Each structure stands twice: as C-alpha cells, then as structure tokens.
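# Fold and contact review
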Amino acid sequence: MAESVAREGEVAVVIPALNEALRIREVVGQALRHCPWVIVVDDGSDDGTGDCLRDLPVTVLRHPRRLGKGAALRTGFAEAHARGARGVLTLDGDGQHDPDDLPRLLQAAARHPRCTIIRARLRPPCPNQVARAKSIVDHVAAVLAADVAHGVLDERRTGLLEQ
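Reading the values: the criteria
- Residues numbered from 1 in each chain as written.
- Predicted model: local features only at pLDDT ≥ 70, side-chain atom pairs only at ≥ 80, totals over all residues.
- Heavy atoms only, no water.
- Pairing = 2+ DSSP bridges.
- Helix = DSSP H or I, 4+ residues; strand = E, 2+ residues; numbered from the N terminus.
- Axes fitted to C-alpha atoms, helices over the stretch in contact; angles between N-to-C directions.
- Contact = heavy atoms within 4.5 Å.

The strand order across the open sheet formed by four strands is 3-2-1-4, and the pairing between neighbours is parallel. At either end of the open sheet lies a strand with only one pairing partner, and these are strand 3 (59-63) and strand 4 (87-90). This sheet shows a mean twist of 25° between the axes of neighbouring strands, independent of strand direction. Examined bridge by bridge, strand 1 (residues 11-17) and strand 2 (residues 38-43) share five bridges and lie parallel to one another. Within strand 2, the position partnered with Ala 17 by the bridge is Asp 42. With respect to the sheet, helix 2 (residues 69-82) is in contact with strand 1, strand 2, strand 3 and strand 4, its orientation differing from that of strand 2 by roughly 145°.

Next up, the structure:
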C-alpha cells in the first residue's frame, strides 16, 4: 500500500457517482492508497453503485433520486465540512481522473494555502479547434472560480506539470 500523503481527518476525497458500479470500486481503492478519508455520493444510481463499496472503509451517501453532479458534490462537501475536513479533493466515479495525481494536488495545496487547486486536463498548445475551445472554457471556469474562491492556481502555476 502506498504511503498516504494526507493525514487522517484533514482532507477528504469526494467522489460523486451515478451508475458507476463497473468502475467505482477500482476508483475508490486507488483513492484510498493516497487518502484514508473517502466520501462517495451515489446520486440516485439504479445499478448498485453504493452496494459495491460496503466492505471498504469509506462513507457512502445516497441521494434518493438523481439530483446532478453539482448537488452530489455539495452533499459531499457538506459531509466533509461537518466532520471537520480542512480540505477536499474530488475525483469522478468513472475513472476519468487519475487518483495517482492526488499527492501532487495535496503538495500544491500545501505550497499555496487558501487557494483552489485545479488539475488542468489539457496541456497547451491545443492542436485542434475542439481542444482549443475546451481549453478556453476551462480557463473561463477557473477565472469564475477564482472570484468565488479568492484565488485559483492551475497546474501550470503550481508545478504539477513538472515531472
């Protein structure tokens, strides 16, 4: 088992999930290697997503019906806050985010306290129009988040691209 970067009770990983029974166990298992506190919010799944995790040391919250990813994140954030979390990391339940990035995100957060750290998916330059448009949308979202969070750093400014 990899050594956890996060100290227990400090940082929670929140994973919103909708009908992810095929992948959620793998994603959660990988997240647990880096952070001992994982909260999964099952957003009204009908495929047994939450049931797949019964024997794992995670908190599973369930919406009775689908409320959307934003609501699932808010539910997870509220749970983490209520239990005293100092920070929250998010992963998608379908495995599109690599849980092995969690230590680098935690290190960036430690270097830049009171900032929101965003793991950029696209790395410039963008070779095609669709990727370029998505990059612009991601940037605008980061700027809007900066206004709410009083400061945003993306991986290009936190050294996360450095290998």
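Here we take up the environment of Leu 32. Its place among the elements puts Leu 32 in helix 1 (residues 24-34). When the C-alpha atoms of Leu 32 and Val 58 are compared, they prove to be 8.6 Å apart, with 26 residues separating the residues in sequence.

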